[in-house]
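# Observations on the three-dimensional arrangement
Residue-level listing of the chains:
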Amino acid sequence: MLCVWHVCYIYQAATIHKLKLEEFVERATYKIISLHPLQQNRKRRMAFWRSTTLESNKHDLNTYANPTTTMTTTTTSTATTTTDKEATTTHAELTKIPLMRAFIETHDPSSMHEVDDLMMRRFLRARDSDVDKASAMLLKCLKWRRSFVPNGFFSVSEVPNEITQDKVFAQGHDNRGRPIAVIFGARHFQNKQGGLDEFKRFVVYAFDKLCASMPDGQEKFVGIAELKGWGYSNSDVRGYITALSILQDYYPERLGKLFILHAPYIFMKVWKVIYPFIDNNTRKKIVFVENKKLKSTLLEDIEESQLPEIYGGQLPLVPIQDS
């Protein structure tokens, strides 16, 4: 039987011989997936390791991430059954997650209580299933989190100047159960009192609130960026790039889709500056919505009962701090 020690040994051998971890995946795969649950450290394994075969495992990562392969919103009037392909874990991912876990355990064993298989899967997907790159990215995130968010979260009292701008709201879920955030770009100004540090704290505060509101089996949120009235006084390029960096580096695969509404011509000039900093995975999730097709486009992903009132829906806006 192959235990964590054996996986660590494989990693060490790969390092000594200067080979990539992926080259050892095939020879380790069949032993890894045949592990008996009694030989696992239950505190460090997700429920999908609790059966002897992947085929008969009713509590594997796929089941956890996509229970009954459907997603139903909590509100009866918005109950929508969908199959979320993004929630399905591939066989390749199942073989790489244990290798990634071994890498993290070797380099930062104290962090293992902070990491689960779904988290590792998100980082794997953000780095195109490259175990080395995904592991390095996750280690960097864990180090940043302990340094920047030592208490594990930020309170409203730590972002007072950003809160008073009244620019981020959160209410409702889309057809997949992803929480929805509405951001008013014209209400954002550079924070002269709290500076960039407070803005960073606010970005983390908002992302954490959205993640906390996700129903079981969901890992992403949806954003609606409202740019009506946006002008040069709102063109905080440094702030935008900072928020983008936090999203991509520390919350990978959390953004499901971003709708950009009423983008004025002057915004597109700033967009040309920001665009090179957006990675390919994030670019695919950004949609510029035509004014004439605004409601119909949003309704493709969001039921009317879950759509904000300002877009013809039924939900009132709720400030992020009250959500």
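Computed from a predicted model, the values in this text were never measured in an experiment. Once a new chain begins, its residue numbering starts again from 1 and follows that chain's sequence as written. Per-residue local features of the predicted model are confined to residues with pLDDT of at least 70, and side-chain atom pairs are confined, for both listing and counting, to 80 or more; whole-chain, interface and lining totals are unaffected and use all residues. Hydrogens and waters are ignored; side-chain quantities use all the structure's heavy atoms.

Residue D166 is not a glycine yet carries a positive backbone phi of 50°. Secondary structure elements are taken from DSSP: a helix is a run of H or I of four residues or more, a strand is a run of E of two residues or more, and numbering for both begins at the N terminus. Inspection of the secondary structure assignment puts D166 in the loop between α7 (160-163) and β1 (168-173). Its identity is not glycine, yet E253 carries a phi of approximately 60°, on the positive side.

Moving on, we get to the nonpolar core. Within this scheme, the nonpolar core is defined by two criteria: the residues are buried Ala, Val, Leu, Ile, Met, Phe, Trp, Tyr or Cys, and they are joined through side-chain atoms within 4.5 Å. Buried means the residue's accessible area, taken with a 1.4 Å probe over protein chains only, is under 20% of the maximum for its type, while exposed means over 50%, and partly exposed covers the values in between. Core analysis: the biggest nonpolar cluster contains 57 residues, and M100, F123, L138 and Y251 have the highest contact counts within it. Looking at this core, you find at least three residues from each of domain 1 (85-148) and domain 2 (156-311). Apart from the residues lying within four places of it in its own chain, the contact partners of M100 are M120, F123, L124, V131, A134, S135 and L138. Within the second largest apolar cluster, 14 residues are counted, among which are V182, F259, L298 and L307. Those domain boundaries reflect an automatic or database domain assignment. We call two residues contacting when some pair of their heavy atoms lies within 4.5 Å.

Salt bridge criterion: a side-chain nitrogen from Lys or Arg within 4 Å of a carboxyl oxygen from Asp or Glu. The final tally for this structure, using the stated rule, is 13 salt bridges. Of the charged contacts, one joins E162 and K167 as a salt bridge, the two residues approaching to 2.5 Å between their closest N and O atoms. Of the two residues, E162 and K167, neither departs from the other in class, the shared state being buried. Between R187 and D166 there is a salt bridge, with the nearest N and O atoms lying 3.5 Å from each other. Taken together, the residues span a long stretch of sequence, with R187 in the loop between β2 (179-184) and α8 (195-212) and D166 in the loop between α7 and β1 at a distance of 21 residues. Look at the salt bridges and you will find they share partners, linking D108, E114 and R146 into a network.

On to helix α10 (residues 265-274), then. For α10, the set of buried residues is F267, V270, W271 and I274. Take α10 and look down its axis: the buried residues cluster within an arc of 110°, on one side only. Turned more than 90 degrees off the buried face of α10, the exposed positions are Y265 and K272. Contact partners of the buried residues in α10: α9 (237-250), β4 (255-261) and β5 (286-288). Throughout, the arc means the angular range of directions from the helix axis out to the C-beta atoms.

Another point: the confidence of the model for the protein chain. Summary of the metric used: pLDDT quantifies the predictor's per-residue confidence within the range 0 to 100. Across the protein chain, pLDDT averages 81, with 74% of residues at or above 70. Confidence over residues 1-11 falls short of pLDDT 50; this stretch has 22 contacts with residues more than four positions distant or in other chains. Low pLDDT, under 50, characterises residues 13-60; the stretch is placed with 73 contacts to residues that sit more than four places away or in other chains.

Turning our eyes to something else, we now look at the pairing of β2. The buried fraction of β2 is high, at five of six residues. Here the rule is simple: two strands pair whenever DSSP picks up at least two bridges between them. Where β1 meets β2, four bridges bridge the pair, whose relative direction is antiparallel. Its bridge partner lying in β2, A170 is registered against A181. Remark: five residues form the turn of the hairpin made by β1 and β2, two consecutive strands paired antiparallel; G177 in that turn has positive phi of roughly 90°. Looking at chain direction, β2 and strand β3 (residues 221-226) are connected through five bridges and run parallel. Bridging from a neighbouring strand, A181 pairs with G223 of β3. Orienting the strands away from the viewer, one traces the path from the first strand over the helix to the second; a clockwise path indicates a right-handed crossover. Following the backbone out of β2, through α8 and into the adjacent parallel β3, one traces a crossover that is right-handed.

Attention shifts here to the environment of K133. By secondary structure assignment, the location of K133 is in helix α6 (residues 131-148). The class for K133 is exposed, based on a relative accessible area of 51%. Sequence separation between K133 and F123 is 10 residues; the distance between their C-alpha atoms is 8.8 Å.

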